[in-house]
Amino acid sequence: MARILLVEDDVALARGLSAALKAGGYTVDVAADGESALQMMADEPYALVTLDVGLPDMSGFDVLKRLRSRGCRVPVIMLTARDQLLDRVTGLDLGADDYLVKPFEPEELAARLRALLRRPNVDPSPVITIGKLEVDRSRCVASVDGEPIELRRREWVLLERLVVRVGKVVSKERLSAEVFGYDDMVAPNAIEVYIARLRRKLGPDGPPIRTMRGLGYVMAE
Ligand code: CA
């Protein structure tokens, strides 16, 4: 069953939501501040995170920003107060997947969770294994043969994008847009440099990334 992290400092609300979601069959953990939320997300693979905007140590947006800057794509629902209309826009800009305005019924949150978890790119078990390579998309970590590989943010994005399309050819242009964004001024061969680095980091035990001339790259199964 999908494991959910509730980031909420209102103890009563957290308890109520947690009970409702557990009754719905989810495994639920609660973090009461931003630092512990980030730590827990680094330790556990979560299928989805609900993130309160008003946290004691930092705003939910800061948590989201740090999460996304690690290259983490775990789906996030922001929980905002009624008068934080502008904040919803900020949240979506920063890469939140949905938002709910307080107060809301636990059933409404459960419905949003179900909708997000049904999305084709969301896997309730976020760990993908290809041969000796294990990629945890929720914690943004990868290992080959049990040995963690050190990846910089863009290397991680590149690996993750290839891994979710294992066996399929991905064009250079598409990868480049995903790794560098459309707006960045990027040299045309920059992606080749990153592919070479990634191959080196995966090593001989990792799955090969094949070059398909004129077409793009494919991570072999
Ligand atoms: Ca709060």
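Throughout this document, residue positions are counted from 1 along each chain, in the order its sequence is written. Note on the predicted model: pLDDT of at least 70 is required for a residue's local features to be given, and 80 or more for side-chain atom pairs to be given and counted; whole-chain, interface and lining totals, by contrast, use all residues. Think of the side-chain values as coming from all heavy atoms in the structure, minus any hydrogens and water.

> What exactly am I supposed to notice about the pairing of strand E1 (residues 3–7) here?
As a general feature of sheets, a regular strand has side chains that alternate between the two faces. Each residue gets one of three labels from its accessible area relative to the maximum for its type: buried under 20%, exposed over 50%, partly exposed in between, using a 1.4 Å probe on protein chains only. Numbering of helices and strands runs from the N terminus; a helix is a DSSP stretch of H or I covering at least four residues, while a strand is a stretch of E covering at least two. Counting buried residues in E1 gives four out of five residues, a clear majority hidden from the surface. Crossovers are marked right-handed if the path from the first strand over the helix to the second runs clockwise, as seen with the strands pointing away from the viewer. Considered for its hand, the β-α-β crossover made up of E1, helix H1 (residues 11–23) and strand E2 (residues 27–31) is right-handed. Relative to strand E3 (residues 48–52), E1 is paired through four bridges, and the arrangement is parallel. When the bridges of E3 are listed, Val-7 appears paired with Leu-51. When DSSP finds two or more bridges between a pair of strands, those strands are recorded as paired.

> So what exactly am I meant to see when it comes to the coordination of the calcium ion here?
Each metal's donors are the N, O and S atoms found within 2.8 Å of it, except that Na, K and Ca use a 3.2 Å limit; water is left out, so coordination can look incomplete. At the metal site, the calcium ion is ligated by Asp-9 (OD), Asp-52 (OD) and Gly-54 (O), and these contacts range over 2.2 to 2.3 Å. One chain supplies every donor to the calcium ion, and in sequence these donors are spaced D-x42-D-x1-G. Within this pair, whereas Asp-9 is found in the loop between E1 and H1, its partner Asp-52 is found in strand E3, the two being separated by 43 residues in sequence. By relative accessible area, Asp-9 is classed as partly exposed at 33%.

> I'm lost on helix H2 (residues 34–43) in this one. Help?
Every α-helix carries 3.6 residues per turn, so stepping three or four residues along brings you back to the same face. When H2 is considered as a whole, its buried residues turn out to be Gly-34, Ala-37, Leu-38 and Met-41. All buried residues of H2 fall inside an arc of 95° around its axis, so they share one side. As for H2, its buried residues are in contact with E1, E2, E3 and helix H3 (60–69). Counted as a polar contact is a pair of N or O atoms within 3.5 Å, where, for protein atoms, one must be capable of donating a hydrogen and the other of accepting one, and residues adjacent in sequence contribute only when both atoms are in side chains. Its side-chain oxygen 3.2 Å from the backbone nitrogen of Glu-35, Asp-33 forms the N-cap of H2. As used here, the arc is the angular range of directions from the helix axis to the C-beta atoms. Residue contacts are counted whenever heavy atoms from the two residues lie within 4.5 Å of one another.

> When you look at the sheet that holds strand E4 (residues 76–80) in this model, what are you seeing that I'm missing?
Within a sheet, neighbouring strands are paired by backbone hydrogen bonds and run either parallel or antiparallel to one another. As summarised here, the arrangement of the five strands in space is E2-E1-E3-E4-E5, forming an open sheet in which the pairing is parallel. Looking along the sheet, the strands with just one partner apiece sit at the ends: E2 and strand E5 (98–101). Strand-to-strand twist of the sheet, defined as the mean angle between neighbouring strand axes without regard to direction, takes the value 20°. Between N-to-C directions, angles span 0 to 180 degrees; the directions come from axes that are lines fitted to C-alpha atoms, helices contributing only their stretch in contact. Each of E1, E2 and E4 touches H1; the most contacted strand, E2, lies at about 165° to it. Running over the sheet, helix H5 (residues 106–118) touches E1, E3, E4 and E5 and is turned about 175° from E5.

> Any chance you could explain the nonpolar core here in plain terms?
Nonpolar side chains tend toward joint burial in soluble globular proteins. In terms of nonpolar packing, the biggest core is built from 48 residues, with Leu-133, Leu-158, Leu-159, Leu-162, Leu-202 and Met-219 touching the most fellow members. Mapping this core onto the domain boundaries places at least three of its residues in each of domain 1 (3–117) and domain 2 (127–219). What we call a nonpolar core is a set of buried Ala, Val, Leu, Ile, Met, Phe, Trp, Tyr and Cys residues that are connected through their side-chain atoms within 4.5 Å. Grouped together as the second largest cluster of nonpolar side chains are 18 residues, Ala-2, Leu-21, Ala-110 and Leu-113 included. Boundaries of every domain are those given by an automatic assignment or by a domain database.

> How should I be thinking about the packing of helix H6 (residues 153–163) against helix H8 (residues 190–202) in this particular structure?
Helices that pack against each other are described as a pair by the angle of their axes relative to one another and the distance between those axes. Orientation of H6 relative to H8, taken along the N-to-C sense of each, is 80°, at an axis distance of 10 Å. By the criterion of interaxial angle, the relationship of H6 to H8 is roughly perpendicular. Together, Arg-154, Glu-155, Leu-158, Leu-159 and Leu-162 of H6 and Ile-191, Tyr-194, Ile-195, Arg-197, Leu-198, Lys-201 and Leu-202 of H8 make up the contact between the two elements. For this classification, the nonpolar set comprises Ala, Val, Leu, Ile, Met, Phe, Trp, Tyr, Cys and Pro, the charged set comprises Asp, Glu, Lys and Arg, and every other residue, Gly included, is treated as polar. Each residue belonging to the contact of H6 with H8 can be placed in one class, and the counts come to eight nonpolar, no polar and four charged. Oblique is the label for any angle not covered by the other classes, which are roughly parallel (under 35 degrees), roughly antiparallel (over 145) and roughly perpendicular (65 to 115).

> Would you take a moment to explain H8 for this structure?
One fewer than the residue count of a helix, multiplied by 1.5 Å, yields its expected span. Between the first and last C-alpha of H8 there are 19 Å, a value that for 13 residues agrees with the 18 Å anticipated at 1.5 Å per step. All of the buried residues in H8 are Ala-190, Ile-191, Tyr-194, Ile-195, Leu-198 and Leu-202. Projected onto a plane normal to the axis of H8, the buried residues spread over an arc of 135° and lie on a single side. Of the residues one or two after H8, Gly-203 is the one with positive phi, at around 70°.

> Explain the packing of aromatic side chains here, please?
What describes a pair of aromatic rings is the distance from one ring centre to the other and the angle between the planes of the rings. A pair of aromatic rings is counted whenever rings of Phe, Tyr or Trp (Trp by its six-membered ring) have centres within 6.5 Å, and the orientation is called stacked for planes under 30 degrees apart, edge-to-face for over 60 and tilted otherwise. One pass over the full model with this rule turns up one aromatic pair. Geometrically, the ring pair formed by Phe-180 and Tyr-194 is edge-to-face, given 5.4 Å between the ring centres and 75° between the ring planes. In this pair, Phe-180 sits in helix H7 (residues 172–180) while Tyr-194 sits in helix H8, placing the two residues 14 residues apart along the sequence. Residue Phe-180 is classed as buried on the basis of its relative accessible area, which comes to 6%. Here Tyr-194 falls in the buried class, since its relative accessible area comes to 15%.

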